[in-house]
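Spelled out, the chains give:
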Amino acid sequence: MTGPQVSKAAVEKDITALNLNSLNDLRAFVAVVEHGSFSLAARQLGVSQPAVSQRVRNFEIACGLHLLDRRAGVALADTGREIYHRARLVIARVDELEATALDLLGLKGGKLSAGYATPAFAIPLIARFREKFPAIEVEYQFGNTAGLFEGLRQCRLDVAVTSLLSVPQDLVARQVATQKLMLCVPKEHPLAQEKCLSISQIADAQLLIREPGSMTRALVEQAFNKHDQLANRVTTIPTREGVKEAVAAGLGFGFVLSGEFGSDPRLVAVELLDMLEPVGVYVLCHSEAADLPAVQSLLEMVEPAGFLPVAG
């Protein structure tokens with residue numbers, strides 16, 4: 001006489017949906033099967049034999065199945081074999097999860113996805129982080145400010161480093177430095193001898209500006225609007241490096257932020273009069289990511305550098 005037929009759906013019940021107490025019950029079931037004894041399982045788990053018996057019974061009730069044949073010692077019932085194999089898999093995954101969590105808490109493993117629009121500030125900070133936590137794998141992504149915001153909010157990025165006039169409310173920020181908007185001109189051009197220039201002096205020049213979404217472009221547009229000026233000839237060139245190369249090639253004047261100008265013997269950065277207030281350079285993360293161990297450690301490493309003039 002065969003036993004009751006069990007549907008495949010019942011056998012494949014999703015054990016991972018069980019609560020934490022059921023996980024202890026699952027561990028008791030696997031221990032009893034592996035040791036062939038309730039007493040040996042209790043010794044391994046560090047609990048009493050009655051407690052193990054109750055946990056196994058709880059697990060059978062949760063599954064809706066009789067999993068053990070208790071008539072001759074302890075043996076798996078026909079219905080228990082599939083559950084046993086799946087139970088071992090669940091325990092292995094839970095143990096792996098716990099080990100990973102411990103590694104992450106101790107910064108002994110894991111990943112950090114870092115985006116930046118200002119490599120001059122981001123890379124040295126990440127280098128210090130890598131030196132202190134070499135087991136953390138860092139992924140790098142370059143982009144403009146708008147793209148970095150999107151990456152943080154869609155959880156593609158853990159942290160981002162960029163310049164801002166103000167910090168959005170849903171982001172956590174640590175300020176690294178402050179910098180000003182400057183005009184980039186060829187070293188041999190007559191304007192390179194000027195200590196500072198007004199917006200009206202350059203309104204009719206060929207101007208090279210960054211793409212929409214970059215903080216540099218936003219600052220340029222705000223500066224012209226503030227002084228009711230229109231830039232008559234404008235060319236959009238993506239990336240800071242592209243703007244500098246175009247200026248060096250004589251294609252026009254570009255705009256850079258003082259701490260990001262770098263050192264280029266072909267170029268000079270000239271201060272602009274009546275500009276907006278200096279902008280801050282920030283390390284940012286989403287508020288929900290601020291407590292992640294790697295993110296928290298990186299934020300704690302931020303050392304404000306104050307105002308940064310043009311390098312070089």
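Residues numbered from 1 in each chain as written. Predicted model: local features only at pLDDT ≥ 70, side-chain atom pairs only at ≥ 80, totals over all residues. Heavy atoms only, no water.

### Some details on unusual backbone geometry
Then comes step 1: Backbone geometry at Cys 155 places phi at a positive 65 degrees, although glycine is not the residue there.
Then comes step 2: Following the sequence through the fold, Cys 155 ends up in the loop between helix 7 (145–153) and strand 5 (159–164).
Then comes step 3: The exposure class assigned to Cys 155 is exposed, which follows from its relative accessible area of 67%.
Then comes step 4: The phi dihedral of Thr 239 is positive, around 75 degrees, even though this residue is not glycine.
Then comes step 5: Relative to the elements of secondary structure, Thr 239 occurs in the loop between strand 10 (233–236) and helix 10 (240–248). (Helix = DSSP H or I, 4+ residues; strand = E, 2+ residues; numbered from the N terminus. Buried < 20%, exposed > 50% of the residue type's maximum accessible area, 1.4 Å probe, protein only.)

### Thoughts on the environment of Gly 110
Then comes step 1: Mapped onto the elements, Gly 110 comes out in the loop between helix 5 (80–105) and strand 3 (111–116).
Then comes step 2: Judged by its relative accessible area of 31%, Gly 110 is partly exposed.
Then comes step 3: A sequence separation of 184 residues divides Gly 110 from Ala 294, and the C-alpha atoms of the two residues are 8.3 Å apart.

### Some remarks on empty space enclosed by the protein
Then comes step 1: In the structure shown here, the tally under the stated rule is 3 cavities of 30 Å³ or more.
Then comes step 2: Empty space within the largest cavity amounts to approximately 70 Å³.
Then comes step 3: Taken together, 13 residues line the largest cavity, and the ones lying closest to its centre are Ala 117, Arg 210, Met 215, Thr 216 and Arg 240.
Then comes step 4: Those elements giving two or more residues to the lining of the largest cavity turn out to be strand 5 and helix 9 (215–226).
Then comes step 5: Of the residues in the lining of the largest cavity, the class split is 3 nonpolar, 7 polar and 3 charged. (1 Å grid on protein atoms, 1.4 Å probe; cavity = no way out; pocket = protein on both sides within 12 Å on 5 of 7 lines; lining within 4 Å. Points joined across faces, edges and corners; volume = space filled by probe spheres on them. Nonpolar A, V, L, I, M, F, W, Y, C, P; charged D, E, K, R; others polar.)

### A word on helix 11 (residues 293–300)
Then comes step 1: Among the residues of helix 11, Ala 294, Val 295, Ser 297, Leu 298 and Leu 299 are the ones counted as buried.
Then comes step 2: Elements that come into contact with the buried residues of helix 11 comprise strand 3, helix 6 (119–132), strand 5, strand 6 (171–179) and strand 13 (279–286). (Contact = heavy atoms within 4.5 Å.)

### A closer look at the sheet that holds strand 13
Then comes step 1: Taken together, 5 strands build an open sheet; the order of strands is 4-3-5-13-6 and the sheet is mixed. Looking along the sheet, the strands with just one partner apiece sit at the ends: strand 4 (137–142) and strand 6. Between one strand axis and the next, the sheet turns by 20 degrees as a mean value, whatever way the strands run.
Then comes step 2: Taken together, the 5 bridges between strand 5 and strand 13 define a ladder with antiparallel strand orientation. Looking across to strand 13, one finds that Thr 162 is bridged to Tyr 282.
Then comes step 3: Strands in contact with helix 11 are strand 3, strand 5, strand 6 and strand 13; relative to strand 13, the strand with the most contacts, it is inclined by about 160 degrees. (Pairing = 2+ DSSP bridges. Axes fitted to C-alpha atoms, helices over the stretch in contact; angles between N-to-C directions.)

### A closer look at the sheet that holds strand 10
Then comes step 1: Here 6 strands make up an open sheet; going across it, the order is 8-12-7-11-9-10 and the pairing mixed. Looking at strand neighbours, the two that pair on one side only are strand 8 (196–197) and strand 10, the edges of this open sheet.
Then comes step 2: Strand direction decides the pairing type here: strand 7 (residues 181–186) and strand 12 (residues 267–272), joined by 5 bridges, are antiparallel. Residue pairing in the sheet places Cys 184 in a bridge with Ala 269 of strand 12.
Then comes step 3: Strand contacts of helix 9: strand 7, strand 9 (206–209), strand 10 and strand 11 (253–257), with the helix running at about 110 degrees to strand 11, the strand carrying the most contacts.
Then comes step 4: The sheet strands contacting helix 10 are strand 7, strand 9, strand 11 and strand 12, and the helix crosses strand 11 at an angle near 140 degrees.

### Regarding the packing of aromatic side chains
Then comes step 1: For the structure shown, the criterion picks out 4 aromatic pairs.
Then comes step 2: When the ring of Tyr 116 is compared with that of Phe 142, the centres are 5.8 Å apart and the planes differ by 65 degrees; the resulting orientation is edge-to-face. A residue pair is termed long-range when its members are at least 10 positions apart, and Tyr 116 in strand 3 and Phe 142 in strand 4 qualify at 26 residues.
Then comes step 3: On the basis of relative accessible area, Phe 142 is assigned to the partly exposed category, the value being 38%.
Then comes step 4: Joined through ring pairs, the aromatic side chains of Phe 29, Phe 59 and Tyr 84 make up one cluster.
Then comes step 5: Over the ring of Phe 149 we find Arg 153; its NZ or CZ atom is 5.3 Å from the centre of that ring.
Then comes step 6: Here Lys 244 stacks its cationic end above the ring of Phe 261, 5.4 Å away from the centre of that ring. (Phe/Tyr/Trp six-rings, centres within 6.5 Å; stacked < 30°, edge-to-face > 60°. Lys NZ or Arg CZ within 6 Å of the ring centre and 35° of its normal.)

Geometry only, nothing functional implied.
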